[in-house]
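Each chain is listed here by its residues.
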Amino acid sequence: MAAACATDLARAAACRDGAAAAHLKVISIFVIFVTSMVGMSSPVLLAGIFRGKPLYDRAIVLIKCFAAGVILSTSLVHVLPDAYAALADCNVASRHPWKDFPFAGLVTLVGALLALLVDLAASSHVEHAQYAPVVTQEKEAVVELGGCHGGVGGGEGEKVEELVKLKQKLVSQVLEIGIIFHSVIIGVTMGMSQNVCTIRPLVAALAFHQIFEGMGLGGCVAQAGFSVGTIAYMCFMFAVTTPMGIMLGMALFSLTGFDDSSPNALIMEGLLGSISSGILIYMALVDLIAVDFFHNKLMNSNPRLKKASFVALTLGSAAMSILALWA
(Lines give C-alpha, C1' and ligand atoms only; values in the text may rest on other atoms or scores of the structure.)
Protein backbone atom coordinates (compact mmCIF):
# COMPACT_ATOMS: atom_id res chain seq x y z
CA MET A 1 0.00 0.00 0.00
CA ALA A 2 2.76 2.46 0.96
CA ALA A 3 4.73 1.69 -2.22
CA ALA A 4 1.66 2.22 -4.38
CA CYS A 5 0.98 5.57 -2.72
CA ALA A 6 4.59 6.66 -3.25
CA THR A 7 4.41 5.74 -6.94
CA ASP A 8 1.13 7.66 -7.38
CA LEU A 9 2.59 10.75 -5.67
CA ALA A 10 5.72 10.69 -7.88
CA ARG A 11 3.62 10.43 -11.04
CA ALA A 12 1.36 13.30 -9.91
CA ALA A 13 4.31 15.53 -9.04
CA ALA A 14 5.76 15.15 -12.55
CA CYS A 15 2.50 16.46 -14.06
CA ARG A 16 1.91 19.40 -11.69
CA ASP A 17 2.13 22.78 -13.46
CA GLY A 18 -0.01 25.50 -11.90
CA ALA A 19 0.26 28.06 -14.72
CA ALA A 20 -0.51 25.58 -17.51
CA ALA A 21 -3.34 24.07 -15.47
CA ALA A 22 -4.92 27.50 -14.91
CA HIS A 23 -4.73 28.26 -18.65
CA LEU A 24 -6.45 24.96 -19.52
CA LYS A 25 -9.16 25.55 -16.91
CA VAL A 26 -10.00 29.01 -18.29
CA ILE A 27 -10.38 27.48 -21.77
CA SER A 28 -12.52 24.67 -20.37
CA ILE A 29 -14.94 27.12 -18.72
CA PHE A 30 -15.96 28.57 -22.09
CA VAL A 31 -15.84 25.27 -24.00
CA ILE A 32 -18.00 23.43 -21.45
CA PHE A 33 -20.53 26.27 -21.20
CA VAL A 34 -21.04 26.36 -24.98
CA THR A 35 -21.24 22.58 -25.40
CA SER A 36 -23.65 22.30 -22.47
CA MET A 37 -25.98 24.89 -24.00
CA VAL A 38 -25.83 23.19 -27.39
CA GLY A 39 -26.48 19.76 -25.90
CA MET A 40 -29.51 20.69 -23.81
CA SER A 41 -31.09 23.23 -26.13
CA SER A 42 -30.95 21.02 -29.25
CA PRO A 43 -33.77 18.60 -28.25
CA VAL A 44 -35.85 21.51 -26.94
CA LEU A 45 -35.51 23.50 -30.19
CA LEU A 46 -36.18 20.43 -32.35
CA ALA A 47 -39.27 19.65 -30.29
CA GLY A 48 -40.54 23.20 -30.83
CA ILE A 49 -39.96 22.99 -34.59
CA PHE A 50 -41.57 19.59 -35.13
CA ARG A 51 -44.36 19.81 -32.52
CA GLY A 52 -47.65 18.76 -34.09
CA LYS A 53 -45.96 16.94 -37.00
CA PRO A 54 -46.89 13.27 -37.64
CA LEU A 55 -43.59 11.85 -36.39
CA TYR A 56 -43.30 14.16 -33.37
CA ASP A 57 -44.54 11.71 -30.69
CA ARG A 58 -42.33 8.90 -31.98
CA ALA A 59 -39.29 11.15 -32.18
CA ILE A 60 -39.83 12.31 -28.58
CA VAL A 61 -40.02 8.67 -27.40
CA LEU A 62 -36.73 7.85 -29.17
CA ILE A 63 -35.02 10.94 -27.76
CA LYS A 64 -36.18 10.05 -24.26
CA CYS A 65 -34.89 6.49 -24.59
CA PHE A 66 -31.51 7.75 -25.83
CA ALA A 67 -31.55 10.16 -22.87
CA ALA A 68 -32.31 7.35 -20.42
CA GLY A 69 -29.33 5.39 -21.74
CA VAL A 70 -27.06 8.41 -21.35
CA ILE A 71 -28.21 9.06 -17.79
CA LEU A 72 -28.02 5.41 -16.71
CA SER A 73 -24.51 5.11 -18.16
CA THR A 74 -23.49 8.40 -16.51
CA SER A 75 -24.49 7.06 -13.11
CA LEU A 76 -23.06 3.54 -13.42
CA VAL A 77 -19.97 4.07 -15.60
CA HIS A 78 -18.88 7.59 -14.63
CA VAL A 79 -20.23 8.79 -11.29
CA LEU A 80 -20.33 5.60 -9.19
CA PRO A 81 -16.83 4.29 -10.14
CA ASP A 82 -15.36 7.74 -9.43
CA ALA A 83 -17.06 7.78 -6.02
CA TYR A 84 -15.73 4.31 -5.19
CA ALA A 85 -12.26 5.31 -6.39
CA ALA A 86 -12.26 8.46 -4.23
CA LEU A 87 -13.19 6.54 -1.08
CA ALA A 88 -10.81 3.68 -1.96
CA ASP A 89 -7.84 6.04 -2.38
CA CYS A 90 -4.90 5.00 -0.22
CA ASN A 91 -5.13 8.31 1.70
CA VAL A 92 -8.73 7.51 2.69
CA ALA A 93 -9.02 3.71 2.73
CA SER A 94 -6.32 3.44 5.39
CA ARG A 95 -8.36 5.54 7.83
CA HIS A 96 -11.21 4.65 10.17
CA PRO A 97 -14.16 4.29 9.46
CA TRP A 98 -13.65 4.38 5.67
CA LYS A 99 -11.65 1.15 5.64
CA ASP A 100 -14.34 -0.72 7.59
CA PHE A 101 -17.42 -0.30 5.42
CA PRO A 102 -18.36 0.25 1.71
CA PHE A 103 -19.72 3.77 2.24
CA ALA A 104 -19.97 4.51 -1.51
CA GLY A 105 -22.57 1.76 -1.94
CA LEU A 106 -24.45 2.80 1.19
CA VAL A 107 -24.67 6.46 0.18
CA THR A 108 -25.74 5.45 -3.36
CA LEU A 109 -28.58 3.50 -1.74
CA VAL A 110 -29.48 6.56 0.35
CA GLY A 111 -29.51 8.68 -2.83
CA ALA A 112 -31.92 6.28 -4.55
CA LEU A 113 -34.21 6.23 -1.50
CA LEU A 114 -34.13 10.03 -1.30
CA ALA A 115 -35.10 10.24 -4.98
CA LEU A 116 -38.00 7.89 -4.28
CA LEU A 117 -39.06 9.99 -1.28
CA VAL A 118 -38.99 13.20 -3.33
CA ASP A 119 -40.91 11.46 -6.13
CA LEU A 120 -43.59 10.24 -3.72
CA ALA A 121 -43.93 13.54 -1.90
CA ALA A 122 -44.05 15.65 -5.07
CA SER A 123 -46.67 13.48 -6.76
CA SER A 124 -48.84 12.82 -3.69
CA HIS A 125 -51.68 14.98 -4.98
CA VAL A 126 -51.58 13.02 -8.25
CA GLU A 127 -52.16 9.83 -6.28
CA HIS A 128 -55.19 11.38 -4.59
CA ALA A 129 -56.69 11.91 -8.03
CA GLN A 130 -56.10 8.37 -9.26
CA TYR A 131 -59.85 7.66 -9.18
CA ALA A 132 -62.10 10.46 -10.39
CA PRO A 133 -65.92 10.10 -10.27
CA VAL A 134 -67.80 10.73 -13.51
CA VAL A 135 -71.51 11.43 -12.98
CA THR A 136 -73.97 10.60 -15.78
CA GLN A 137 -77.77 10.67 -15.90
CA GLU A 138 -78.00 6.92 -15.37
CA LYS A 139 -75.28 6.19 -12.80
CA GLU A 140 -72.03 7.32 -11.23
CA ALA A 141 -69.00 5.56 -12.65
CA VAL A 142 -65.46 5.54 -11.35
CA VAL A 143 -62.84 6.07 -14.00
CA GLU A 144 -59.28 4.96 -13.35
CA LEU A 145 -56.77 7.42 -14.69
CA GLY A 146 -54.50 5.71 -17.19
CA GLY A 147 -51.93 7.18 -19.53
CA CYS A 148 -52.11 10.36 -21.51
CA HIS A 149 -54.03 8.54 -24.27
CA GLY A 150 -56.54 6.87 -21.96
CA GLY A 151 -60.07 6.35 -23.13
CA VAL A 152 -61.59 9.15 -21.10
CA GLY A 153 -63.67 11.81 -22.76
CA GLY A 154 -64.00 15.57 -22.46
CA GLY A 155 -62.80 17.21 -19.28
CA GLU A 156 -61.58 13.93 -17.81
CA GLY A 157 -59.19 13.43 -20.72
CA GLU A 158 -57.83 16.92 -20.20
CA LYS A 159 -57.37 16.22 -16.50
CA VAL A 160 -55.42 13.04 -17.25
CA GLU A 161 -53.24 14.92 -19.75
CA GLU A 162 -52.59 17.63 -17.15
CA LEU A 163 -51.59 15.09 -14.50
CA VAL A 164 -49.24 13.31 -16.91
CA LYS A 165 -47.59 16.62 -17.81
CA LEU A 166 -47.21 17.41 -14.10
CA LYS A 167 -45.47 14.08 -13.53
CA GLN A 168 -43.13 14.73 -16.47
CA LYS A 169 -42.23 18.13 -15.04
CA LEU A 170 -41.45 16.62 -11.64
CA VAL A 171 -39.24 13.98 -13.25
CA SER A 172 -37.35 16.62 -15.25
CA GLN A 173 -36.77 18.80 -12.18
CA VAL A 174 -35.54 15.98 -9.94
CA LEU A 175 -33.36 14.71 -12.78
CA GLU A 176 -31.74 18.12 -13.20
CA ILE A 177 -31.02 18.25 -9.46
CA GLY A 178 -29.16 14.93 -9.67
CA ILE A 179 -27.21 16.04 -12.75
CA ILE A 180 -26.31 19.38 -11.14
CA PHE A 181 -24.85 17.53 -8.13
CA HIS A 182 -22.69 15.54 -10.54
CA SER A 183 -21.66 18.64 -12.53
CA VAL A 184 -20.62 20.56 -9.42
CA ILE A 185 -18.44 17.66 -8.28
CA ILE A 186 -16.74 17.43 -11.68
CA GLY A 187 -16.19 21.19 -11.81
CA VAL A 188 -14.81 21.63 -8.29
CA THR A 189 -12.53 18.60 -8.64
CA MET A 190 -11.14 19.89 -11.94
CA GLY A 191 -10.83 23.45 -10.58
CA MET A 192 -8.72 22.34 -7.62
CA SER A 193 -6.49 20.06 -9.68
CA GLN A 194 -3.04 21.25 -10.72
CA ASN A 195 -2.35 18.06 -12.69
CA VAL A 196 -1.95 18.98 -16.37
CA CYS A 197 -1.88 15.32 -17.39
CA THR A 198 -5.39 14.92 -15.96
CA ILE A 199 -6.90 18.23 -17.08
CA ARG A 200 -5.80 18.17 -20.73
CA PRO A 201 -7.86 15.12 -21.82
CA LEU A 202 -10.68 16.16 -19.49
CA VAL A 203 -11.39 19.37 -21.44
CA ALA A 204 -12.30 17.51 -24.65
CA ALA A 205 -13.95 14.59 -22.87
CA LEU A 206 -16.13 16.83 -20.69
CA ALA A 207 -17.26 18.77 -23.76
CA PHE A 208 -18.72 15.56 -25.27
CA HIS A 209 -19.90 14.47 -21.83
CA GLN A 210 -21.96 17.67 -21.42
CA ILE A 211 -23.40 17.37 -24.94
CA PHE A 212 -24.74 13.86 -24.33
CA GLU A 213 -25.90 14.59 -20.79
CA GLY A 214 -27.55 17.81 -22.01
CA MET A 215 -29.35 15.90 -24.75
CA GLY A 216 -30.62 13.49 -22.12
CA LEU A 217 -31.99 16.19 -19.86
CA GLY A 218 -33.20 18.30 -22.81
CA GLY A 219 -35.22 15.37 -24.18
CA CYS A 220 -37.09 15.07 -20.88
CA VAL A 221 -37.61 18.84 -20.58
CA ALA A 222 -38.90 19.04 -24.16
CA GLN A 223 -41.70 16.58 -23.44
CA ALA A 224 -42.67 18.09 -20.08
CA GLY A 225 -44.26 21.23 -21.55
CA PHE A 226 -42.54 23.90 -19.44
CA SER A 227 -42.93 27.57 -20.25
CA VAL A 228 -40.25 29.24 -22.38
CA GLY A 229 -38.88 31.09 -19.36
CA THR A 230 -38.57 27.91 -17.29
CA ILE A 231 -36.89 26.03 -20.15
CA ALA A 232 -34.39 28.87 -20.63
CA TYR A 233 -33.67 28.90 -16.89
CA MET A 234 -33.14 25.12 -16.77
CA CYS A 235 -30.84 25.23 -19.82
CA PHE A 236 -28.82 28.05 -18.30
CA MET A 237 -28.50 26.31 -14.93
CA PHE A 238 -27.31 23.11 -16.56
CA ALA A 239 -24.80 24.97 -18.76
CA VAL A 240 -23.38 27.16 -16.03
CA THR A 241 -23.06 24.60 -13.21
CA THR A 242 -19.83 22.87 -14.31
CA PRO A 243 -18.04 26.16 -15.21
CA MET A 244 -19.11 27.60 -11.84
CA GLY A 245 -17.77 24.47 -10.16
CA ILE A 246 -14.44 24.94 -11.96
CA MET A 247 -14.24 28.59 -10.84
CA LEU A 248 -15.16 27.59 -7.28
CA GLY A 249 -12.44 24.93 -7.29
CA MET A 250 -9.87 27.42 -8.60
CA ALA A 251 -10.89 29.93 -5.90
CA LEU A 252 -10.67 27.30 -3.16
CA PHE A 253 -7.19 26.28 -4.24
CA SER A 254 -6.06 29.91 -4.56
CA LEU A 255 -7.38 30.92 -1.12
CA THR A 256 -6.58 27.80 0.90
CA GLY A 257 -4.11 25.75 -1.12
CA PHE A 258 -6.57 22.89 -0.56
CA ASP A 259 -5.29 19.92 -2.54
CA ASP A 260 -7.82 17.87 -4.52
CA SER A 261 -5.93 14.73 -3.45
CA SER A 262 -6.25 15.45 0.30
CA PRO A 263 -8.28 12.94 2.33
CA ASN A 264 -11.05 15.43 3.16
CA ALA A 265 -11.47 16.43 -0.49
CA LEU A 266 -11.60 12.79 -1.57
CA ILE A 267 -14.18 11.95 1.10
CA MET A 268 -16.40 14.85 0.02
CA GLU A 269 -16.04 13.88 -3.64
CA GLY A 270 -16.89 10.24 -2.86
CA LEU A 271 -19.96 11.03 -0.76
CA LEU A 272 -21.42 13.62 -3.14
CA GLY A 273 -20.72 11.39 -6.13
CA SER A 274 -22.41 8.42 -4.45
CA ILE A 275 -25.60 10.30 -3.59
CA SER A 276 -25.70 11.78 -7.11
CA SER A 277 -25.29 8.29 -8.58
CA GLY A 278 -28.19 6.94 -6.51
CA ILE A 279 -30.48 9.75 -7.69
CA LEU A 280 -29.55 9.25 -11.35
CA ILE A 281 -29.94 5.44 -11.21
CA TYR A 282 -33.42 5.78 -9.73
CA MET A 283 -34.51 8.42 -12.23
CA ALA A 284 -33.18 6.50 -15.25
CA LEU A 285 -34.67 3.12 -14.32
CA VAL A 286 -37.94 4.13 -12.67
CA ASP A 287 -39.04 7.43 -14.19
CA LEU A 288 -37.64 7.04 -17.70
CA ILE A 289 -37.04 3.42 -18.78
CA ALA A 290 -39.88 1.74 -16.84
CA VAL A 291 -42.42 4.42 -17.74
CA ASP A 292 -41.73 4.32 -21.47
CA PHE A 293 -41.18 0.59 -21.96
CA PHE A 294 -44.06 -0.64 -19.78
CA HIS A 295 -46.60 2.19 -19.56
CA ASN A 296 -46.35 4.07 -22.86
CA LYS A 297 -49.36 3.11 -25.00
CA LEU A 298 -47.78 4.46 -28.18
CA MET A 299 -44.77 2.18 -27.75
CA ASN A 300 -46.78 -0.85 -26.62
CA SER A 301 -49.03 -0.61 -29.68
CA ASN A 302 -46.09 -0.34 -32.08
CA PRO A 303 -43.55 -3.23 -31.90
CA ARG A 304 -41.22 -1.52 -34.37
CA LEU A 305 -41.12 1.62 -32.22
CA LYS A 306 -40.36 -0.51 -29.14
CA LYS A 307 -37.42 -2.15 -30.94
CA ALA A 308 -36.17 1.22 -32.17
CA SER A 309 -36.49 2.61 -28.64
CA PHE A 310 -34.38 -0.22 -27.25
CA VAL A 311 -31.74 0.50 -29.91
CA ALA A 312 -31.82 4.20 -28.93
CA LEU A 313 -31.43 3.23 -25.26
CA THR A 314 -28.44 1.04 -26.13
CA LEU A 315 -26.83 3.73 -28.29
CA GLY A 316 -27.20 6.31 -25.53
CA SER A 317 -25.63 3.93 -23.01
CA ALA A 318 -22.80 3.02 -25.40
CA ALA A 319 -22.00 6.63 -26.36
CA MET A 320 -21.69 7.72 -22.74
CA SER A 321 -19.80 4.58 -21.73
CA ILE A 322 -17.14 5.08 -24.43
CA LEU A 323 -16.37 8.52 -22.98
CA ALA A 324 -15.23 6.79 -19.79
CA LEU A 325 -11.99 6.01 -21.67
CA TRP A 326 -11.07 9.70 -21.30
CA ALA A 327 -13.25 11.09 -18.47
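Owing to the predicted nature of the structure, the values given are computational and were not obtained by experimental measurement.

A. Region of interest: the UniProt feature "transmembrane region" (unreviewed entry) in the chain. In the numbering used here, UniProt assigns the "transmembrane region" (unreviewed entry) feature to residues 26-49, 61-81, 101-122, 174-193, 199-219, 231-255, 275-295 and 307-326. Secondary structure over residues 275-295 splits into 100% helix and 0% strand, and the C-alpha atoms at its two ends are 28 Å apart.

B. Molecular detail of helix α9 (residues 228-256). For α9, spanning 29 residues, the distance from its first C-alpha to its last is 41 Å, which sits close to the expected 42 Å at 1.5 Å a residue. Roughly 35 degrees is the biggest bend found in α9, and it falls at T241, with proline P243 one to four residues downstream. Of the residues making up α9, those classed as buried are I231, M234, C235, F238, A239, V240, T241, T242, P243, G245, I246 and G249.

C. Seen up close, the packing of aromatic side chains. Per the counting criterion, the structure on display carries three aromatic pairs. The interplanar angle of 75 degrees and the centroid separation of 6.5 Å between the aromatic rings of F33 and F236 together place this pair among those described as edge-to-face. In this pair, F33 is assigned in helix α2 (residues 18-50) and F236 in helix α9, connecting sequence segments 203 residues apart. Looking at F236, the relative accessible area reads 42%, which means it is partly exposed. Joined through ring pairs, the aromatic side chains of W98, F101 and F103 make up one cluster.

D. How the structure looks around the side chain of E176. Summarising the element assignment, E176 is placed in helix α7 (residues 154-192). If near-sequence neighbours (up to four positions away) are discounted, E176 is found in contact with L217, M234, M237 and F238.

E. Geometry of the confidence of the model for the chain. Averaged over all residues, the pLDDT of the chain equals 77, while 81% of them reach at least 70. Summarising per-element confidence for the chain, the mean pLDDT is lowest in strand β2 (residues 140-144) (41) and highest in helix α12 (residues 303-322) (91). pLDDT under 50 marks residues 130-152. Its contacts with residues more than four places away, or in other chains, come to 34 contacts.

F. How the structure looks around the packing of helix α3 (residues 56-88) against helix α10 (residues 263-295). Packing of α3 against α10 leaves a shortest axis separation of 8 Å and a crossing angle of 155 degrees. Taken together, the axes of α3 and α10 lie roughly antiparallel to each other. In the packing of α3 onto α10, the handedness of the crossing is left-handed. By residue class, the composition of the contact of α3 with α10 is 20 nonpolar, seven polar and three charged.

G. Molecular detail of a nonpolar patch on the surface. On the surface, F101, L106, L109, V110, L113, L114, L116, L117 and L120 cluster together into a nonpolar patch covering about 770 Å² of accessible area. By secondary structure assignment, the location of L117 is in helix α5 (residues 103-122). With relative accessibility at 55%, the residue L117 sits in the exposed group.

So, how was this worked out
Here the residue numbers are simple positions, counted from 1 along each chain's written sequence. Only residues with pLDDT of at least 70 are given local features in this predicted model, and only at 80 or more are side-chain atom pairs given and counted; all residues enter the totals for whole chains, interfaces and linings. Each side-chain value is worked out from all heavy atoms of the structure, with water and hydrogens disregarded. UniProt positions are given in the numbering used here, feature names are shortened, and annotations may be inferred rather than shown by experiment. Put simply, DSSP marks the helices as runs of H or I at least four residues long and the strands as runs of E at least two long, and each gets a number from the N terminus on. The length a helix should cover is 1.5 Å for every residue beyond the first. Given a residue, its bend is the angle between the two axes fitted to the seven residues that end at it and to the seven that start from it. Whether a residue is buried, partly exposed or exposed follows from its accessible area with a 1.4 Å probe, protein chains only, as a fraction of its type maximum: under 20%, in between, or over 50%, in that order. A pair of Phe, Tyr and Trp rings is counted when the ring centres sit within 6.5 Å of each other, with Trp represented by its six-membered ring. The angle between the planes then sorts it: under 30 degrees is stacked, over 60 is edge-to-face, the rest tilted. Working rule for contacts: check all heavy atoms of both residues, and any pair within 4.5 Å makes them a contact. Note on scores: pLDDT gives the predictor's confidence for each residue, bounded by 0 and 100. As a rule, the C-alpha atoms of each element are fitted with a line to give its axis, helices using only the stretch in contact, and angles between N-to-C directions run from 0 to 180 degrees. Angular relationships are summarised with four words: roughly parallel below 35 degrees, roughly antiparallel beyond 145, roughly perpendicular across 65 to 115, and oblique for the angles in between. Crossings are sorted by hand: turned counterclockwise from the far helix by less than a right angle, the near helix makes the crossing left-handed, and turned clockwise it makes it right-handed. Residues are sorted three ways: Asp, Glu, Lys and Arg are charged, Ala, Val, Leu, Ile, Met, Phe, Trp, Tyr, Cys and Pro are nonpolar, and all the rest, Gly among them, are polar. Patch membership requires more than 30% relative accessible area and the absence of a salt bridge. Residues of like charge join within 9 Å; the nonpolar side chains Val, Leu, Ile, Met, Phe, Trp and Tyr join within 5 Å. Here the Shrake-Rupley method, with its probe set to 1.4 Å, supplies the accessible areas, and only the displayed protein chains count as covering residues. Salt bridges are counted wherever a side-chain nitrogen of Lys or Arg sits within 4 Å of a carboxyl oxygen of Asp or Glu.

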